[in-house]
Amino acid sequence: MGKLSAVIITFNEEKNIRRCIESLKNVADEIVVIDSFSQDQTVAISKELGAKVIQHPFEGHIQQKNYALTQASYDHILSLDADEALTEELTQSIQAIKADFSYSAYTFNRKTNFCGKWIRYCGWYPDKKLRIWDRTLGKWGGTNPHDKVVMDPNTSRSHLSGDLLHYSFYTIRQHIQQINLFTDISAQAAYEKGKRSNLGKIFFKPLFKFFQSYFLKLGILDGYYGLVICVNSAHAKFLKYTKLYELQKQGEKT
């Protein structure tokens with residue numbers, strides 16, 4: 001039977017962390033929580049549930065998650081966010097592969113709960129995630145705050161049955177606050193990579209994002225919250241390219 005380390009990064013996640021850790025207990029041989037100095041009960045709850053807690057300054061989502069990999073005891077990693085939890089079906093799928101890790105990496109679908117409603121469309125489901133892998137063959141990459149596991153070339157992967165449940169936002173206000181924060185990060189990351197904005201992108205990218213999410217990806221079928229999600233997603237595009245445009249102007253001045 002193979003060994004599996006579950007790793008979670010946290011900051012002020014007392015509302016979510018218990019559900020996350022409890023869902024891991026039947027599959028993980030250890031649970032490692034990397035906490036960026038939470039000011040609530042996150043650390044206390046994690047320790048109460050038997051997790052190994054390490055506090056480490058937050059330098060970015062990718063950096064924090066790669067640091068978490070170095071603190072795990074076993075090479076096979078299961079990485080979750082604190083607001084995620086395994087379903088029973090996914091738990092059984094993971095238990096089955098532990099008998100023989102035949103593949104380098106494993107993916108599964110994530111289903112998101114938004115303000116109490118499970119979202120089936122909007123491009124949010126099925127949201128395939130690679131979250132189990134051999135850390136000697138892959139690590140976190142992408143562009144902050146949108147991280148993803150990047151595997152070495154020619155590695156094998158398999159898709160597991162069962163959903164990962166994502167309890168994303170309890171209020172629309174929370175979603176808007178995160179959009180504002182994440183677009184700060186994504187605009188800065190894009191600017192540092194040499195990407196640029198213009199009035200055309202500021203105008204057309206949000207429009208296309210709404211059309212794509214609401215009509216092409218059937219967000220209209222998710223009712224009221226589908227409309228909210230699609231409008232907010234379009235607004236996120238608007239903010240990202242507007243903030244990137246501001247960074248360009250500041251750069252020209254300096």
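As the structure is a prediction and not an experimental result, all values here were calculated from the model. (Residues numbered from 1 in each chain as written. Predicted model: local features only at pLDDT ≥ 70, side-chain atom pairs only at ≥ 80, totals over all residues. Heavy atoms only, no water.)

Focus on the pattern of salt bridges
Here comes step 1: The final tally for this structure, using the stated rule, is 13 salt bridges.
Here comes step 2: Between Lys98 and Asp29 there is a salt bridge; the shortest N-O distance is 2.9 Å. Of this pair, Lys98 sits in the loop between α4 (88-97) and β6 (105-114) while Asp29 sits in the loop between α1 (17-24) and β2 (30-35); the two residues are 69 residues apart in sequence, bridging distant segments of the chain.
Here comes step 3: Exposure remark for Lys98: the relative accessible area of 8% places this residue in the buried category.
Here comes step 4: A network of salt bridges, in which partner residues are shared, links Glu84, Arg110, Asp127, Lys129 and Arg131. (Salt bridge = Lys/Arg side-chain N within 4 Å of Asp/Glu carboxyl O. Helix = DSSP H or I, 4+ residues; strand = E, 2+ residues; numbered from the N terminus. Buried < 20%, exposed > 50% of the residue type's maximum accessible area, 1.4 Å probe, protein only.)

Some details on empty space enclosed by the protein
Here comes step 1: In the structure shown here, the tally under the stated rule is one cavity of 30 Å³ or more.
Here comes step 2: Estimated volume of the largest cavity: approximately 30 Å³.
Here comes step 3: Residue lining of the largest cavity: Val7, Ile8, Ile9, Lys65, Ala68, Ser79, Leu80 and Asp81, and that is the complete set.
Here comes step 4: Grouping the amino acids of the lining of the largest cavity by side-chain chemistry returns five nonpolar, one polar and two charged. (1 Å grid on protein atoms, 1.4 Å probe; cavity = no way out; pocket = protein on both sides within 12 Å on 5 of 7 lines; lining within 4 Å. Points joined across faces, edges and corners; volume = space filled by probe spheres on them. Nonpolar A, V, L, I, M, F, W, Y, C, P; charged D, E, K, R; others polar.)

Considering the packing of aromatic side chains
Here comes step 1: As enumerated under the stated definition, the model contains 13 aromatic pairs in all.
Here comes step 2: Aromatic rings pair up to connect Phe114, Trp124, Phe169, Tyr224 and Tyr225 into one cluster.
Here comes step 3: In this arrangement the basic side chain of Lys15 is found over the ring face of Tyr170, its NZ or CZ atom lying 3.9 Å from the centre.
Here comes step 4: One Lys or Arg, Lys65, reaches over the ring of Trp140 and ends 4.5 Å from the middle of that ring. (Phe/Tyr/Trp six-rings, centres within 6.5 Å; stacked < 30°, edge-to-face > 60°. Lys NZ or Arg CZ within 6 Å of the ring centre and 35° of its normal.)

Considerations on the environment of Leu207
Here comes step 1: Examined against the element boundaries, Leu207 turns out to sit in helix α6 (residues 199-216).
Here comes step 2: Along the chain, Leu207 and Pro57 lie 150 residues apart, while their C-alpha atoms are 38 Å from each other.

Some details on unusual backbone geometry
Here comes step 1: Omega for the peptide link from Tyr125 to Pro126 comes to -5°, which places this bond in the cis form.
Here comes step 2: By secondary structure assignment, the location of Pro126 is in the loop between β7 (117-119) and β8 (127-134).
Here comes step 3: Of note, the amide linkage connecting Asn144 to Pro145 takes the cis form, showing an omega dihedral of 0°.
Here comes step 4: Relative to the helices and strands, Pro145 is located in the loop between β9 (138-143) and β10 (146-151).
Here comes step 5: Its identity as a non-glycine residue notwithstanding, Asn12 has a phi of 50°, on the positive side.
Here comes step 6: Here Asn12 shows up in the loop between β1 (5-10) and α1.
Here comes step 7: The backbone phi angle of Leu218 is positive, close to 65°, even though this residue is not glycine.

Remarks on the pairing of β1
Here comes step 1: With respect to burial, β1 is a largely interior element, six of its six residues being buried.
Here comes step 2: Sheet analysis places β1 next to β2, joined by six bridges and oriented parallel. Residue pairing in the sheet places Ala6 in a bridge with Ile31 of β2.
Here comes step 3: Bridging between β1 and strand β4 (residues 76-81) involves five bridges; their strand directions are parallel. Its bridge partner lying in β4, Val7 is registered against Ser79. (Pairing = 2+ DSSP bridges.)

Describing the nonpolar core
Here comes step 1: One finds Ile8, Leu24, Leu78, Leu86, Ile94 and Ile132 to be the most contacted residues of the largest nonpolar core, which totals 29 residues.
Here comes step 2: Those elements giving two or more residues to this core turn out to be β1, α1, β2, α2 (42-48), β4, α4, β6 and β11 (157-169).
Here comes step 3: At four residues, α1 tops the list of elements feeding residues into this core.
Here comes step 4: Apart from the residues within four sequence positions on either side, Ile132 is in contact with Leu4, Ile77, Leu78, Ile94, Ile97, Ser104, Ala105, Tyr106, Phe108 and Leu160.
Here comes step 5: In terms of nonpolar packing, the next biggest core, distinct from the first, is built from 16 residues, Ala68, Leu130, Val149 and Met151 among them. (Core = buried A, V, L, I, M, F, W, Y, C linked by side-chain atoms within 4.5 Å. Contact = heavy atoms within 4.5 Å.)

Considering the packing of helix α5 (residues 172-192) against helix α7 (residues 223-253)
Here comes step 1: Look at α5 against α7: their axes get within 8 Å of each other, and the N-to-C directions meet at 35°. The handedness of the crossing between α5 and α7 comes out as right-handed. Of the residues in α7, those in contact with Ile172, His175, Ile176, Ile179, Asn180, Thr183, Asp184, Ser186, Ala187, Gln188, Ala190 and Tyr191 of α5 are Tyr224, Tyr225, Val228, Asn232, Ala236, Leu239, Lys240, Lys243, Leu244, Leu247, Gln248 and Gly251.
Here comes step 2: Here the residues of the contact of α5 with α7 sort into 13 nonpolar, eight polar and three charged. (Axes fitted to C-alpha atoms, helices over the stretch in contact; angles between N-to-C directions. Left-handed = near helix turned anticlockwise from the far one by under 90°.)

Overview of the environment of Ser156
Here comes step 1: Assignment of secondary structure puts Ser156 in the loop between β10 and β11.
Here comes step 2: Sequence separation of Ser156 and Tyr103 is 53 residues, and the distance between their C-alpha atoms is 5.3 Å.
Here comes step 3: Residue contacts for Ser156: discarding those within four places in its chain leaves Ser102, Tyr103, Ser104 and Ala105.

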